[in-house]
Amino acid sequence: IAGITQAPTSQILAAGRRMTLRCTQDMRHNAMYWYRQDLGLGLRLIHYSNTAGTTGKGEVPDGYSVSRANTDDFPLTLASAVPSQTSVYFCASSASDGAVYGYTFGSGTRLTVV
Amino acid sequence: SQQGEEDPQALSIQEGENATMNCSYKTSINNLQWYRQNSGRGLVHLILIRSNEREKHSGRLRVTLDTSKKSSSLLITASRAADTASYFCATDNHGNSGYSTLTFGKGTMLLVSP
């Protein structure tokens, strides 16, 4: 089934540890995004990539980094996790300009930093 | 910061009734999109309305857009228990290089009771 796969589904992480959230899509979408969802705050954009080899910062990029080595994969790395990064993380993708065609979302990664 | 703000935050209705959710935004947009999120899942794209459109239908969904008031509404007719979910509006941000990203509101939680 075409779509987005995120891994892990959930994770408990000690503060200060490094963690990479994986995101893979098989739809050959050009653009990919990372959002975090927090209760009462909705979804906020962390980083995005319009095409392989390029990335950009969203609304809340601090403490996160991304790479886009190829079309299918868009990992999100927390270099040194802090409790405020406890959240549900969603990866999304879109064909060409996602503001025109809509986004496809993964099922999310629930991350708890303790 | 959130571009779209949904109203109400929560809505509880009986099966068969109509559900109306509203979204207000602050700046000019290319289009506005509505998404649905079931508990513990990713968001699913429902419908997109362009800035030059005033109304759009898809099955039991009806979306209106009033750019002069910077507002949109999502109407779900003849609701079903399976419509229970959170609903988000999202607006595009005019980006550089012809690409945009979506900014999501905080959502309306809809509960449809049998």
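Predicted, not measured: the structure shown is a model, and the values here were computed from it.

### Quick look at the overall build of chain A
Here is step 1 of the chain: The secondary structure content of chain A amounts to one helix and eleven strands.
Here is step 2 of the chain: Reading the secondary structure of chain A in the N-to-C direction produces β-β-β-β-β-β-β-β-β-α-β-β.
Here is step 3 of the chain: Here chain A has a C-alpha radius of gyration of 13 Å; the compact-globule value for 114 residues is 13 Å, and the two agree.
Here is step 4 of the chain: For chain A, the C-alpha atoms occupy an extent of roughly 40 × 30 × 30 Å along the three principal directions.
Here is step 5 of the chain: Put simply, of all contacts in chain A between residues at least 6 apart along the chain, 55% involve residues at least 24 apart.
Here is step 6 of the chain: Entry remark: accessible area of chain A is about 5,100 Å², with carbon and sulfur atoms responsible for 51%.
Here is step 7 of the chain: The average position of the 9 basic charges and that of the 7 acidic charges among the side chains of chain A differ by 8 Å.

### Re the state of the cysteines
Here is step 1 of the chain: Applying the stated criterion across every chain yields a total of two disulfides over all chains.
Here is step 2 of the chain: Each sulfur in the disulfide pair Cys23(A) and Cys91(A) lies 1.9 Å from the other. With the S-S dihedral at roughly -70 degrees, the linkage between Cys23(A) and Cys91(A) falls on the left-handed side. With Cys23(A) in strand β3 (residues 19–25) and Cys91(A) in strand β9 (residues 87–94), this pair connects stretches of sequence that are 68 residues apart. We note that Cys23(A), like Cys91(A), is buried.
Here is step 3 of the chain: Linked covalently through their sulfurs, Cys23(B) and Cys89(B) form a disulfide whose S-S length is 2.0 Å. Taking the torsion about the S-S bond as the criterion, the Cys23(B) to Cys89(B) disulfide, at about 65 degrees, is right-handed. Highlighted residues: Cys23(B) in strand β3 (residues 19–24) and Cys89(B) in strand β9 (residues 85–93), separated in sequence by 66 residues.

### Some thoughts on the pattern of salt bridges
Here is step 1 of the chain: Per the stated rule, a full pass over the model turns up six salt bridges over all chains.
Here is step 2 of the chain: Here Arg36(A) and Asp38(A) are joined by a salt bridge, their closest N and O atoms 2.8 Å apart.
Here is step 3 of the chain: According to the relative accessible area criterion, Arg36(A) is buried, its value standing at 8%.
Here is step 4 of the chain: A relative accessible area of 13% means that Asp38(A) is categorised as buried.
Here is step 5 of the chain: The partner of Glu55(B) in a salt bridge is Arg62(B), with the nearest N and O atoms 3.1 Å apart.
Here is step 6 of the chain: Each of Arg36(A), Asp38(A) and Arg44(A) takes part in one network of salt bridges that share partners.

### Digging into the nonpolar core
Here is step 1 of the chain: Membership of the largest hydrophobic core comes to 20 residues, with the highest contact counts inside it found for Met21(B), Leu32(B), Trp34(B), Leu74(B), Ile76(B), Tyr87(B) and Leu110(B).
Here is step 2 of the chain: Taken together, the elements giving at least two residues each to this core come down to β3, β4 (31–37), β5 (43–50), β7 (61–66), β8 (71–76), β9 and β11 (108–113) of chain B.
Here is step 3 of the chain: Counting 19 residues, the second largest nonpolar core, distinct from the first, contains Ile4(A), Cys23(A), Trp34(A) and Ala81(A).

### Considering the side chain of Thr108(B)
Residue and element names in this part refer to chain B.
Here is step 1 of the chain: Among the structural elements, Thr-108 can be located in strand β11.
Here is step 2 of the chain: Thr-108 gets classed as buried once you look at its relative accessible area, which sits at 0%.
Here is step 3 of the chain: Engagement of the side chain of Thr-108 in a polar contact is seen with the backbone oxygen of Pro-8, the distance being 2.5 Å.
Here is step 4 of the chain: Dropping the residues within four chain positions of it, Thr-108 is found in contact with Glu-6, Asp-7, Pro-8, Gln-9, Leu-11, Met-21, Ala-85, Ser-86 and Tyr-87.

### Considering the sheet that holds strand β8 (residues 76–78) of chain A
Strands belonging to one sheet form pairs held by backbone hydrogen bonds; the direction of such a pair is parallel or antiparallel.
Residue and element names in this part refer to chain A.
Here is step 1 of the chain: Strand order in this open sheet of four strands is β1-β3-β8-β7, and the pairing throughout is antiparallel. The open sheet is flanked by β1 (4–7) and β7 (64–66), the only strands paired with a single partner. Averaged over neighbouring strand pairs, the angle between their axes works out to 20 degrees when direction is ignored.
Here is step 2 of the chain: As paired elements, β3 and β8 share three bridges and run antiparallel to each other.

### Looking at the interface of chain B and chain A
Here is step 1 of the chain: Facing the 23 residues of chain B at the interface are 24 residues of chain A.
Here is step 2 of the chain: Taking both partners together, chain B and chain A bury about 1,800 Å²; carbon and sulfur atoms supply 51% of that area.
Here is step 3 of the chain: The interface formed by chain B and chain A includes zero salt bridges.
Here is step 4 of the chain: Here chain B and chain A share four residue pairs in polar contact (both at pLDDT 80 or more) between them.
Here is step 5 of the chain: At the level of elements, β4, β5, β9 and β10 (101–104) of chain B are the ones that each hand at least two residues to the side of chain B that touches chain A.

Procedures and definitions
Residues numbered from 1 in each chain as written. Chains lettered and ligands numbered in written order. Predicted model: local features only at pLDDT ≥ 70, side-chain atom pairs only at ≥ 80, totals over all residues. Heavy atoms only, no water. Helix = DSSP H or I, 4+ residues; strand = E, 2+ residues; numbered from the N terminus. Rg over C-alpha atoms; globule rule 2.2 N^0.38 Å. Contact = heavy atoms within 4.5 Å. Areas by Shrake-Rupley, 256 points an atom, 1.4 Å probe, with all protein chains shown as cover. Lys, Arg positive; Asp, Glu negative; His and termini not counted. Charge placed at Lys NZ, Arg CZ, Asp CG, Glu CD. Disulfide = S-S within 2.5 Å. Buried < 20%, exposed > 50% of the residue type's maximum accessible area, 1.4 Å probe, protein only. Salt bridge = Lys/Arg side-chain N within 4 Å of Asp/Glu carboxyl O. Core = buried A, V, L, I, M, F, W, Y, C linked by side-chain atoms within 4.5 Å. Polar contact = N/O pair within 3.5 Å; in protein donor to acceptor, adjacent residues only side chain to side chain. Pairing = 2+ DSSP bridges. Axes fitted to C-alpha atoms, helices over the stretch in contact; angles between N-to-C directions. Buried area = accessible area lost by both parts, 1.4 Å probe.

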